[in-house]
Amino acid sequence: MLPCAAGARGRGAMVALRAGKKTLLPPLCRAFACRGCQLAPERGAERRDTAPSGVSRFCPPRKSCHDWIGPPDKYSNLRPVHFYIPENESPLEQKLRKLRQETQEWNQQFWANQNLTFSKEKEEFIHSRLKTKGLGLRTESGQKATLNAEEMADFYKEFLSKNFQKHMYYNRDWYKRNFAITFFMGKVALERIWNKLKQKQKKRSN
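The name given to the protein chain in an unreviewed UniProt entry is Cytochrome c oxidase assembly factor 8, with Pan troglodytes as the source organism. Its UniProt record, at the heading Sequence similarities (unreviewed entry), says of the protein chain: "Belongs to the COA8 family." UniProt, in its Subcellular location (unreviewed entry) section for the protein chain, records the words "Mitochondrion inner membrane".

Visitor: Before we move on, can you summarise a nonpolar patch on the surface with the specific residues and values?
Guide: Residues Leu190, Ile193, Trp194 and Leu197 make up a contiguous nonpolar surface patch of roughly 450 Å² in combined accessible area. Following the sequence through the fold, Trp194 ends up in helix H3 (residues 164-205).

Visitor: Account for the pattern of salt bridges, with residues named and values stated.
Guide: Per the counting criterion, the structure on display carries 7 salt bridges. Among the ionic pairs, Glu123 bridges to Lys144, the shortest N-O distance being 3.5 Å. With Glu123 in helix H1 (residues 91-132) and Lys144 in the loop between H1 and helix H2 (149-162), this pair connects stretches of sequence that are 21 residues apart. A relative accessible area of 48% means that Lys144 is categorised as partly exposed. Between Arg129 and Asp154 there is a salt bridge; the shortest N-O distance is 3.5 Å. Highlighted residues: Arg129 in helix H1 and Asp154 in helix H2, separated in sequence by 25 residues. Residue Arg129 is classed as partly exposed on the basis of its relative accessible area, which comes to 27%. On the basis of relative accessibility, which here comes to 40%, the residue Asp154 falls in the partly exposed class.

Reading the values: rules and limits
- Residues numbered from 1 in each chain as written.
- Predicted model: local features only at pLDDT ≥ 70, side-chain atom pairs only at ≥ 80, totals over all residues.
- Heavy atoms only, no water.
- UniProt positions renumbered as here; feature names shortened; annotations may be inferred.
- Patch = residues over 30% accessible without salt bridge, like charges linked within 9 Å, V, L, I, M, F, W, Y side chains within 5 Å.
- Areas by Shrake-Rupley, 256 points an atom, 1.4 Å probe, with all protein chains shown as cover.
- Salt bridge = Lys/Arg side-chain N within 4 Å of Asp/Glu carboxyl O.
- Helix = DSSP H or I, 4+ residues; strand = E, 2+ residues; numbered from the N terminus.
- Buried < 20%, exposed > 50% of the residue type's maximum accessible area, 1.4 Å probe, protein only.

Below is the structure:
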């Protein structure tokens, strides 16, 4: 898995999602419903070269009753989501929303840092190879000097090998978070069904 795998180029306009048809976003959960099921924080966060933290901020219309998806973040290439908060949000719905928000921030930070590391090491690799060949950073025509596909393949292989464990931990936590969100989405769905049934029974009794 190479960085920028989460990349996405799209229209700059924000897209509204209809309530009740929200897509399942990257999972998360610091405290699941069982003991000892805490997720590990992002590994590599102690690096000196880190991208700005936090998800891109944008403001949907105040009267909107939907989730909003913004343009891709320039660091992570992920589209940030602004979650709608209903006035009558139940404690369970609030917990689900916060889990989704936390996962978004976790995912944003991981890919922002990973893409920054990838770009920096790629440039260092190119400069090193060019120096070994006795070449400068610019060609005679003034264009930026590059390496061929076979030479760059060495870098990609080395980068993947060096970050294998980091990606493995990321995938593990990703699945844990997805499962946690799916679990709470199910609980919220059951809660809504139960509330509707109670309202129907109340109407019948009246």
